[in-house]
Structure formats: C-alpha cells, structure tokens
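# Architecture and fold: a report
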Amino acid sequence: APLRPVVVGLYGGGGAPFNQAAILAACGFALRFLSDAEIRAGALDEIDVLVLPGGGFRAGRAGR
C-alpha cells in the first residue's frame, strides 16, 4: 500500500514559521499552520509532526 504524505503542523502563535514552511514545502511535506486555539481544540490528532519555531534561549535577550 502506498504511504500517505506526512502532514507537518507549524505553530504560528509566536515565532515566524515562514522560513521553516519554505524548507518543508520544498521537501514535499504537506503543511498546516496551527494556532494555539486549534491545538487546544484537538488539531494535533490531524498532523504527524509539530514544529514550534522560535529563536532559542537568547532570542529575547538581543540588545540587552
């Protein structure tokens, strides 16, 4: 049986997921942007992988 496409959820409620979206789309993954409300409502049941973009520990400390 053929495999179904992997669906990647991109959290869009904080960081900017656009760079990750471009890379994942170029690799052929099906994408779905998710808000925190959608995640709380059960959207994780409809995806295979969740990507939470962010700047890491020091991102909020730039310029301090």
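Right, let's walk through the structure included here. (Residues numbered from 1 in each chain as written. Predicted model: local features only at pLDDT ≥ 70, side-chain atom pairs only at ≥ 80, totals over all residues. Heavy atoms only, no water.)

### Re the overall build of the protein chain
Within the protein chain, the secondary structure is distributed over two helices and three strands. The linear arrangement of helices and strands in the protein chain, starting from the amino end, is β-α-β-α-β. Residue burial in the protein chain is summarised as follows: out of 64 residues, 19% are buried. Pairs at least 24 apart in sequence give 52% of the contacts found in the protein chain among residues at least 6 apart. Roughly 4700 Å² of accessible area belongs to the protein chain as shown, and the carbon and sulfur atoms make up 58% of that amount. (Helix = DSSP H or I, 4+ residues; strand = E, 2+ residues; numbered from the N terminus. Buried < 20%, exposed > 50% of the residue type's maximum accessible area, 1.4 Å probe, protein only. Contact = heavy atoms within 4.5 Å. Areas by Shrake-Rupley, 256 points an atom, 1.4 Å probe, with all protein chains shown as cover.)

### Notes on the packing of aromatic side chains
Under the definition given, this model contains one aromatic pair. Geometrically, the ring pair formed by Phe18 and Phe33 is tilted, given 6.4 Å between the ring centres and 40° between the ring planes. Separated by 15 residues along the polypeptide, Phe18 in helix H1 (residues 18–26) and Phe33 in strand E2 (residues 30–34) bring together distant segments of the chain. For Phe18, a relative accessible area of 59% puts it in the exposed group. (Phe/Tyr/Trp six-rings, centres within 6.5 Å; stacked < 30°, edge-to-face > 60°.)

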